[in-house]
Amino acid sequence: MEDKYVKERDRARVPDHCKWDLNDICRGDEAWAEAKRKLTANLSSISTFSGNLSKSPDQLLSCLQLLDSLQKECTRLACYASMMSDLDTRDSKYLAMDQEMGQIGSDLSSLSSFIEPEILKIGKKTIDRFIALEPGLSIYRHIFDDILRKKKHTGTKGEERIIA
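Described in the following lines is the structure provided in the data block.

Tallying secondary structure elements over the chain gives 7 helices and 0 strands in all. Counting from the amino terminus, helix and strand elements in the chain follow one another as α-α-α-α-α-α-α. What you see for the chain is a C-alpha radius of gyration of 21 Å, clearly larger than the 15 Å of a compact globule of 164 residues, by over 25%. Each principal axis of the C-alpha atoms in the chain carries an extent, and together these give about 65 × 30 × 30 Å. Expressed as a percentage of the 164 residues in the chain, the buried residues total 33%. In the chain, of all internal contacts separated by at least 6 residues, the share reaching a separation of at least 24 is 75%. With the model as given, the accessible surface of the chain reaches about 10100 Å², and the carbon-plus-sulfur share is 50%. Separation between the mean location of the 26 positive side-chain charges and that of the 27 negative ones in the chain comes to 5 Å.

Let us look at the state of the cysteines. Considering all chains together, one arrives at 0 disulfides under this definition. The closest cysteine sulfur to the non-disulfide-bonded C26 is located on C79, 11 Å from its own sulfur.

This part takes up the pattern of salt bridges. The tally for this structure, following the rule as stated, stands at 9 salt bridges. Salt-bridge contacts for E34 lead to R37; the nearest nitrogen and oxygen are separated by 2.9 Å. Here E34 pairs with R37, and both are found in helix α1 (residues 29-42), just 3 residues apart, close to one helical turn. Of the residues examined, E34 reaches a relative accessible area of 35% and is grouped as partly exposed. Residue D128 pairs with K124 through a salt bridge whose shortest N-O separation is 3.1 Å. You can see D128 and its partner K124 sitting in helix α5 (residues 124-133), 4 residues apart, about one turn around the helix. Look at D128 and you get partly exposed, because its relative accessible area is 28%. Residues joined by salt bridges that share partners form a network here, namely K124, D128 and R141.

Quick look at the nonpolar core now. Formed by 38 residues in total, the largest nonpolar core has its most connected members in L60, L137 and F144. Secondary-structure elements contributing two or more residues to this core are α1, α2 (57-87), α3 (92-111), α4 (115-122), α5 and α6 (141-149). Residue contributions to this core peak at 11 residues, all from α2. Here L137 is in contact with P57, L60, L61, L64, F130, I131 and F144, once residues within four sequence places are set aside.

Moving on: α6. Those residues of α6 that sit buried are F144, I147 and L148. Projected down its long axis, α6 shows its buried positions confined to an angular sector of 95 degrees, all on one face. For α6, the exposed residues set more than 90 degrees away from the buried face come down to H142 and R149.

What follows concerns the side chain of E118. Among the structural elements, E118 can be located in helix α4. For the buried E118, which has no salt bridge, the nearest side chain bearing the opposite charge is K121, at an N-O separation of 7.8 Å. If sequence neighbours within four positions are ignored, E118 has contacts with F49, S50, G51, N52 and L53.

Remark: α2 packs on α3, axes separated minimally by 8 Å, with the N-to-C direction vectors making an angle of 160 degrees. When the axes of α2 and α3 are compared, the pair comes out roughly antiparallel. Note on packing geometry: the crossing formed by α2 with α3 is left-handed. Facing L67, L70, Q71, C74, L77, A78, Y80, A81, S82, M84 and S85 of α2, the residues of α3 in contact are Y94, L95, M97, D98, M101, I104, G105 and L108. Class assignment of the residues belonging to the contact of α2 with α3 gives a composition of 14 nonpolar, 4 polar and 1 charged.

Basis of the calculations
Residues numbered from 1 in each chain as written. Predicted model: local features only at pLDDT ≥ 70, side-chain atom pairs only at ≥ 80, totals over all residues. Heavy atoms only, no water. Helix = DSSP H or I, 4+ residues; strand = E, 2+ residues; numbered from the N terminus. Rg over C-alpha atoms; globule rule 2.2 N^0.38 Å. Buried < 20%, exposed > 50% of the residue type's maximum accessible area, 1.4 Å probe, protein only. Contact = heavy atoms within 4.5 Å. Areas by Shrake-Rupley, 256 points an atom, 1.4 Å probe, with all protein chains shown as cover. Lys, Arg positive; Asp, Glu negative; His and termini not counted. Charge placed at Lys NZ, Arg CZ, Asp CG, Glu CD. Disulfide = S-S within 2.5 Å. Salt bridge = Lys/Arg side-chain N within 4 Å of Asp/Glu carboxyl O. Core = buried A, V, L, I, M, F, W, Y, C linked by side-chain atoms within 4.5 Å. Arc of directions from axis to C-beta. Axes fitted to C-alpha atoms, helices over the stretch in contact; angles between N-to-C directions. Parallel < 35°, antiparallel > 145°, perpendicular 65-115°, else oblique. Left-handed = near helix turned anticlockwise from the far one by under 90°. Nonpolar A, V, L, I, M, F, W, Y, C, P; charged D, E, K, R; others polar.

What follows is the structure in structure tokens.
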């Protein structure tokens, strides 16, 4: 940023070439609000997988892909809100947007909290079998390994159910 604008408090007086261009993240406040509405409407869809992850490799993969998608969108919207808030901390509109995204992230975490305990119950043998049957799950191997290495510390007794 040019030195003469470093202490400028009125954003309107700072030339555009010295400002962040957040259009790649979100095309503006209206687009952000619409994307947030869609995200919040879709959050509960992750719950449909609760109790079903051990049924098939496809179920597990679909759940993890949906979670990835929801988390990615949540992060995108949170970044926009946070960066807009950082532009002018006196503007409470963006602080409120940033806080909303914090709550939505918390809601998503709560709604998806069933995933780790279910993976613990599925167990390593079945996870390995699922990966063999559905190669798309292989990108999640590090997540499975991280969850399953904690198994002996959780008191969870997995069924080690093998799917043929």
